[in-house]
Amino acid sequence: MTATKGLEGIVATTSEISSIIDGVLTYRGINIDELAEHATFEETIYLLWHGKLPNRAELKSLMDELAANAALPDELLTQLRTYPPGANSMAALRSAVSALALYDEEANDMSPEANLRKAVKLQAKLPTIVAAFARIREGKEPIQPKSGVSIAHNFLYMLTGKDPDEVAVKALDKALVLHADHELNASTFAARVTVATLSDIYSGVTSAIGALKGPLHGGANEAVMIMLDEIGSIENVESYIMNKLANKEKIMGFGHRVYKNGDPRAKHLQKMSRELGERSGNLKLYEMSVKIEELVTGQKGLKPNVDFYSASVYTTLGIPRDLFTPLFAISRVSGWTAHILEQYSDNRLIRPRAEYTGPANVRYVPIDQR
Ligand code: ACO
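Just so it is clear, the model here is predicted, and its values are computed rather than measured.

What surrounds the ligand is a group of 19 residues, the closest being Ala 220, Lys 250, Phe 254, Gly 255 and Arg 257. Here the residues of the shell around the ligand sort into seven nonpolar, eight polar and four charged.

With that settled, consider helix H9 (residues 186-195). H9 sits mainly inside the fold: eight of its 10 residues count as buried. Every buried residue belonging to H9 is among Ser 187, Thr 188, Ala 190, Ala 191, Arg 192, Val 193, Thr 194 and Val 195, and all of these are buried. Summarising the contacts, the buried residues of H9 are in contact with helix H10 (201-212) and helix H16 (324-345).

Quick look at the domain arrangement of the protein chain now. Parsing the protein chain into structural domains produces domain 1 (15-214 + 325-345) and domain 2 (220-316). In this structure, domain 1 and domain 2 have C-alpha centres spaced 26 Å apart. Taken together, the 16 residues of domain 1 in the interface contact 16 residues of domain 2. At the level of elements, strand E2 (24-27), helix H1 (32-38), helix H8 (166-179) and H16 are the ones that each hand at least two residues to the side of domain 1 that touches domain 2. Here the side of domain 1 that touches domain 2 gets six residues from one element, more than from any other, and that element is H8.

Another point: the sheet that holds strand E1 (residues 18-21). The sheet built from three strands is open, its strands ordered E1-E2-E3 with antiparallel pairing. The open sheet terminates on both sides in strands that have one partner only, identified here as E1 and strand E3 (30-31). As defined by bridge partners, E2 adjoins E3 across two bridges and the pair is classed as antiparallel. Within the sheet, the bridge partner assigned to Thr 26 lies in E3 and is Asn 31.

Inspection of the secondary structure assignment puts Ser 61 in helix H3 (residues 56-68). Its 13 C-beta neighbours within 10 Å are what place Ser 61 among the partly exposed residues. Taking C-alpha positions, Ser 61 is 30 Å from Ala 196, a pair spaced 135 residues apart along the chain.

Turning next to the pairing of E1. As paired strands, E1 and E2 are joined by four bridges and run antiparallel to one another. Bridging across to E2, Ile 20 finds its partner in Leu 25. Count of turn residues in the E1/E2 antiparallel hairpin: two residues, of which Asp 22 carries a positive phi of about 50 degrees.

Moving on to the nonpolar core. Membership of the largest hydrophobic core comes to 101 residues, with the highest contact counts inside it found for Leu 93, Val 130, Leu 172, Leu 176, Val 205, Val 224 and Val 313. Of the residues that make up this core, three or more belong to each of domain 1 (15-214 + 325-345) and domain 2 (220-316). Not counting chain neighbours up to four residues away, the residues in contact with Val 205 comprise Val 97, Leu 122, Ala 191, Val 333, Trp 336 and Thr 337.

About the criteria used
Residues numbered from 1 in each chain as written. Predicted model: local features only at pLDDT ≥ 70, side-chain atom pairs only at ≥ 80, totals over all residues. Near = placed C-beta within 6 Å. Nonpolar A, V, L, I, M, F, W, Y, C, P; charged D, E, K, R; others polar. Buried ≥ 20, exposed ≤ 12 C-beta atoms within 10 Å, placed from the backbone. Helix = DSSP H or I, 4+ residues; strand = E, 2+ residues; numbered from the N terminus. Contact = placed C-beta atoms within 7 Å. Domains from an automatic or database assignment. Pairing = 2+ DSSP bridges. Core = buried A, V, L, I, M, F, W, Y, C linked by C-beta atoms within 7 Å.

Written out as structure tokens, the structure reads:
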């Protein structure tokens, strides 16, 4: 038995949800480039869950169900008010999603119909949790979700109390489409491992949020913004990056386990970053990002991943940097739940082996002789 560090190259399951083949990402066989251009996030959710794009009636019905389930139980709002204002936003989201199960009577109903209903509830409630947490910590009242608008629109509305303009909604919607699923990434694998024990969907999504939080995975988007803030100006980019590389430190938002010739999602976020920067009359973050990319790609051959340009996109949309990773979760919960439903549909316990590298034949020593 020989271990492969980080399970690199190991094919751990079959899946019909998304694929990465020769650097091309598809959801249910549709190229991500086409979806980014044409699909809404709600159409993407339907596609991931049901394996086909919705017709108008199916899309309306999904949007109605999401709207009907977006409000939080009062008990959860009460609980959110007890979180320390300085709490880590992903820790808060992880705790709140775990707590949601306590207020769902069908939390442990394992029928496929109940699991699909719970996927809807999770998708509907995550944006409301993140927005409520963000407002409560600032001493503001949470804003009730509205119906008849997209998740992207509702999230910005619940965060700020104002209806966002069409450009902001479109940009956020596209970012949500781009983050929705990604084959067997770390958080999706965590979700599948959890539910493969026949544990419930809330446990699976809670595990996934814990895995997404780390800076080697979803936490990288916040880490990119921390880096941009530390650098501060385009003049400082070169010395900052060269110094980091000389010290063998990682540059957040670069590199990928699977893509070695570039992440197909990054170009869409780069374009959005430029367009939003031009529109706001402030291209500083975009220009700093381009310069960082030139240096990191030039020096190390590493290309930006999905997290790199999303940092400047979200900041230009006025989203606080510690909500970037929760925003990733708002999108990825569509993929997590699709994978959880797929896992349940043909389940087998996920239980790999470890290559033992510790000492052998060690005898027990009584406590007084140690
Ligand atoms: N900056 C500098 N060097 C890097 C970077 C980086 N961002 N990424 C990889 N490298 C280097 C490593 O130091 C290593 O060099 P070495 O062989 O000289 O030791 C080599 O490239 C291979 O890197 P690993 O970390 O072994 O690659 P792995 O496949 O395990 O990790 C990962 C992939 C975690 C994405 C890595 O590239 C990384 O840490 N990137 C920064 C964090 C990040 O952006 N994460 C988000 C990924 S996308 C997502 O999850 C949504």
